[in-house]
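Chain and residue survey
Residue-level listing of the chains:
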Amino acid sequence: MYYYGTTAVNDKGHLEIGGVDTIELVKEFGTPVYVYDVALIRQRARSFREAFVNNEVKAQVSFASKAFSTVAMVQLAEEEGLSLDVVSGGELFTAAAADFPMERVHFHGNNKSREELEMALEYKIGYIVVDNFYELDMLEEICAEKKQQMDVVLRITPGIEAHTHDYILTGQEDSKFGFGLQNGQTEEALRKVLQSSWLVAAGIHCHIGSQIFETTGFIVAVQKIFEKMNEWKTNFSFEPAILNLGGGFGIRYTSEDDPKAAADYVVEIIAEVKKQAELYALSVPEIGIEPGRSLVGDAGITLYKIGSRKEVPNVRKYLAVDGGMTDNIRPALYQAKYEAVLANKPLEKPTEVVSIAGKCCESGDMLIWDLPLPETDEQDILAVFCTGAYGYSMANNYNRIPRPPVVFVENGKAELVVKRETYEDLVRLDLSLNEKIKAKHL
Ligand SMILES: Cc1ncc(COP(=O)(O)O)c(C=O)c1O
Ligand SMILES: N[C@@H](CCCC[NH3+])C(=O)O
């Protein structure tokens, strides 16, 4: 078993996290339940921020809230001095609901609506990461209507496609996001912003992918951007004050993954930015990064109750849990792999290999293939590690399954931060509700 953050085995032989016995958590909050190791999130946030402080560069470390957007997490990000990346009106509203300082909010998205842009202006957020010409024109129009200026960062695609465990230089920019850096779109967008009375050209943004282990992709992106920055200085007398390099730093899901320490990626990126700035005699911009997964991914575990068992003789043993693709769609969507143990006996020797199935009416609803486990019975609780990023945030109600609650644990204390969804919550928006049910349950 790999010990993430504060996970440990206590004197009862149970898995504990944040100093709290996971079996006690199950008694109190039921299953499935997402549990977050707050100390580990804080540690990650601090190490990212320290990397910039130690290297004496101005920076903003933004939590990419898409990885886990809840009021409690946004408040934790604020406590740790992070900025916030949002990609929808819903995430922006969550930031507002958490009282997050709006000047540290950055708004992303490839199809922001007029209403969402108006909301961003109303909240006076830090900057909008403009993704395309449609948005640029609409934002210009709205700012003119409201007679309000807005800082704009242009999202560019540098011509690098990064993949899990790998990166490839494509040279072409086939992505739904951003302005092409190589095909003249970025210059055209930049010209528009520089001519605008309402939009203020604050910087450049690029995000090369997610769950990346190599720094090479980031380094090449920095080099390509600086090459262009040099041209922009000559052609437009423009030097971006902000260079946001997005997120994407990989984490360990299973023993197959071997990431660097989160902050080590940053140290290499900073070094390259400084090197390029010197090479072209440009100023070192404020560097932005937007870690999502690497801030919260390995801080989360999901606890499930073991249920039915099915054996296909000489083929496979299926063990079903009381959740699945509704609370963790990543295995079904990306063939993502996870490790897990029995929370009530994590150190017991495995005696069989089982495949963990979810409870949805879908053959693809599998959480883990071929997991070595000890003999299980009904009382057993399965703890799946590393579910902190894109688990809760991608949870859904397929088969009308309510979403699990979220519990934060720290220093021996557990706090329920998101309630379990109920059946009533699920039908509340249905307008043709049976009056009897309404009277009885809602
Ligand atoms: C623009 C942008 N920033 C940040 C992130 C966060 O990525 P990750 O969770 O891989 O750090 C993403 C998602 O990949 C993104 O699209
Ligand atoms: N949701 C994805 C990552 C998407 C990143 C967002 N740009 C995941 O679970 O890995």
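Residue indices follow the written sequence of each chain, beginning from 1 at its first position. Just so you know, chain letters begin at A and ligand numbers begin at 1, following the order they were written in. In keeping with the predicted nature of the model, local features appear solely for residues at pLDDT of at least 70, side-chain atom pairs appear and are counted solely at 80 or more, and the whole-chain, interface and lining totals rest on all residues. Computation of side-chain values covers all heavy atoms of the structure but excludes hydrogens and water.

1. Quick notes on unusual backbone geometry
This is how it is decided: Labels follow the DSSP assignment, with helices taken as runs of H or I lasting at least four residues and strands as runs of E lasting at least two, numbered in each case from the N terminus. Buried means the residue's accessible area, taken with a 1.4 Å probe over protein chains only, is under 20% of the maximum for its type, while exposed means over 50%, and partly exposed covers the values in between.
In this structure, Pro 32 follows Thr 31 across a cis peptide bond, with omega equal to -15°. In this structure, Pro 32 sits in the loop between helix 1 (22-29) and strand 4 (33-37). The phi angle at Tyr 390 is positive, at roughly 60°, despite the residue not being glycine. For Tyr 390, the position within the fold is in the loop between strand 21 (381-385) and strand 22 (406-410). By relative accessible area, Tyr 390 is classed as buried at 16%. The backbone of Asn 399 shows a phi angle near 60°, a positive value even though the residue is not glycine. Inspection of the secondary structure assignment puts Asn 399 in the loop between strand 21 and strand 22. Among the residues examined, Asn 399 registers a relative accessible area of 35% and is labelled partly exposed.

2. Digging into helix 4 (residues 89-97)
Going by this rule: The criterion used for residue contact is that any of the two residues' heavy atoms lie within 4.5 Å.
Restricting attention to buried positions, one finds in helix 4 the residues Gly 89, Glu 91, Leu 92, Thr 94 and Ala 95. Where helix 4 is buried, its residues touch helix 3 (71-79), strand 6 (83-86), strand 7 (105-107) and helix 5 (114-123). Backbone geometry just downstream of helix 4 places Asp 99 in the positive-phi region, at approximately 60°.

3. Things to note about the sheet that holds strand 2 (residues 15-17)
We apply this condition: Strands qualify as paired when DSSP identifies two bridges or more between them.
Reading across from one edge, 1-2-3 is the order of the three strands in this open sheet, with antiparallel pairing throughout. For this open sheet the edge positions go to strand 1 (8-9) and strand 3 (20-21), each flanked by a neighbour on one side alone.

4. Some remarks on the site of ligand 1
Counted only if it meets this: What makes a residue near a molecule or strand is one non-hydrogen atom of that residue sitting within 4 Å of it. Whenever two N or O atoms come within 3.5 Å, that pair is a polar contact, provided that in protein one can donate a hydrogen and the other can accept it, and provided that, for residues adjacent in sequence, both atoms are side-chain atoms. Using the Shrake-Rupley algorithm and a 1.4 Å probe, accessible areas are obtained, with residue cover drawn only from the displayed protein chains. Throughout this entry, Asp, Glu, Lys and Arg are counted as charged residues, while Ala, Val, Leu, Ile, Met, Phe, Trp, Tyr, Cys and Pro are counted as nonpolar. The remaining residues, Gly among them, count as polar.
The environment of ligand 1 is formed by 15 residues, the closest being His 207, Ser 210, Glu 290, Arg 293 and Tyr 390. Asp 85 has a polar side-chain atom sitting 3.4 Å from a nitrogen atom of ligand 1. Separating an oxygen atom of ligand 1 from a side-chain N or O atom of His 207 is a distance of 2.8 Å. Relative to its free-state accessible area of 390 Å², ligand 1 is covered by the protein chains to the extent of 91%. Residues that form the shell around ligand 1 fall into these classes: three nonpolar, seven polar and five charged.

5. Here we look at the site of ligand 2
Lys 66, Arg 293, Arg 330, Tyr 334, Tyr 390 and Met 394 make up every residue found near ligand 2. In this structure, Arg 330 approaches ligand 2 through a side-chain N or O atom, which is 2.5 Å from an oxygen atom. The fraction of the free accessible surface of ligand 2 (310 Å²) that becomes covered by protein chains is 74%. Tallied by class, residues from the shell around ligand 2 come to three nonpolar, no polar and three charged.

6. Notes on the UniProt feature "binding site: pyridoxal 5'-phosphate" (unreviewed entry) in the protein chain
Where we set the bar: UniProt positions are given in the numbering used here, feature names are shortened, and annotations may be inferred rather than shown by experiment.
Following the UniProt record, the feature "binding site: pyridoxal 5'-phosphate" (unreviewed entry) maps to Gly 248, Glu 290, Pro 291, Gly 292, Arg 293 and Tyr 390 here. When you line up the elements, Arg 293 lands in helix 10 (residues 293-296). Residue classification places Arg 293 among the buried positions, given a relative accessible area of 7%. Here Arg 293 is in contact with Ala 67, Ser 210, Gln 211, Ile 251, Tyr 253, Asp 298, Arg 330, Ala 389 and Tyr 390, once residues within four sequence places are set aside. Separated by 2.8 Å, the side chains of Arg 293 and Ser 210 make a polar contact. Non-local contacts of Tyr 390, meaning those with residues more than four positions away in its chain, are made with Lys 66, Ala 67, Arg 293 and Arg 330.

7. Here's the deal with the pairing of strand 19 (residues 352-357)
Among the six residues in strand 19, five count as buried, and that is most of the element. Bridge analysis of strand 17 (residues 316-321) against strand 19 gives three bridges, and the strand direction is parallel. What sits directly across from Tyr 318, in strand 19, is Ser 355.

8. Some thoughts on helix 6 (residues 133-146)
Basically, it comes down to this: One less than the residue count of a helix, multiplied by 1.5 Å, gives the span that helix is expected to have.
Along its 14 residues, helix 6 runs 20 Å from first to last C-alpha, staying within 8% of the 20 Å computed at 1.5 Å per residue. Looking only at helix 6, the buried set comprises Glu 135, Leu 136, Met 138, Leu 139, Ile 142 and Cys 143. Turning to helix 6, the residues buried within the fold contact helix 5, strand 8 (127-130), strand 9 (150-157), helix 7 (185-195) and strand 13 (199-205). In this structure Asn 132 caps helix 6, since a side-chain oxygen of it lies 3.3 Å from the backbone nitrogen of Tyr 134.

9. Some words on the confidence of the model for the protein chain
The cut-off we apply is this: Scored from 0 to 100, pLDDT records how confident the predictor is in each individual residue.
Predicted confidence across the protein chain gives a mean pLDDT of 95, with 97% of residues reaching 70 or more. Taken over the whole predicted complex, pTM reads 0.96, whereas the ipTM for its chain interfaces reads 0.98.

10. Some remarks on the packing of helix 6 against helix 7
Where we set the bar: Geometry is summarised by axes, namely lines fitted to C-alpha atoms with helices restricted to the contacting stretch, and by angles between N-to-C directions that run from 0 to 180 degrees. We call two directions roughly parallel when the angle between them is under 35 degrees, roughly antiparallel when it is over 145, roughly perpendicular when it lies between 65 and 115, and oblique otherwise.
It is the contact of helix 6 with helix 7, at a shortest axis distance of 11 Å, that shows an interaxial angle of 0°. In terms of their interaxial angle, helix 6 and helix 7 are classed as roughly parallel. Each of Phe 133, Leu 136 and Asp 137 in helix 6 lies in contact with helix 7, whose residues at this interface are Gln 185, Glu 188, Ala 189, Lys 192 and Val 193. Residues of the contact of helix 6 with helix 7, tallied by class, amount to four nonpolar, one polar and three charged.

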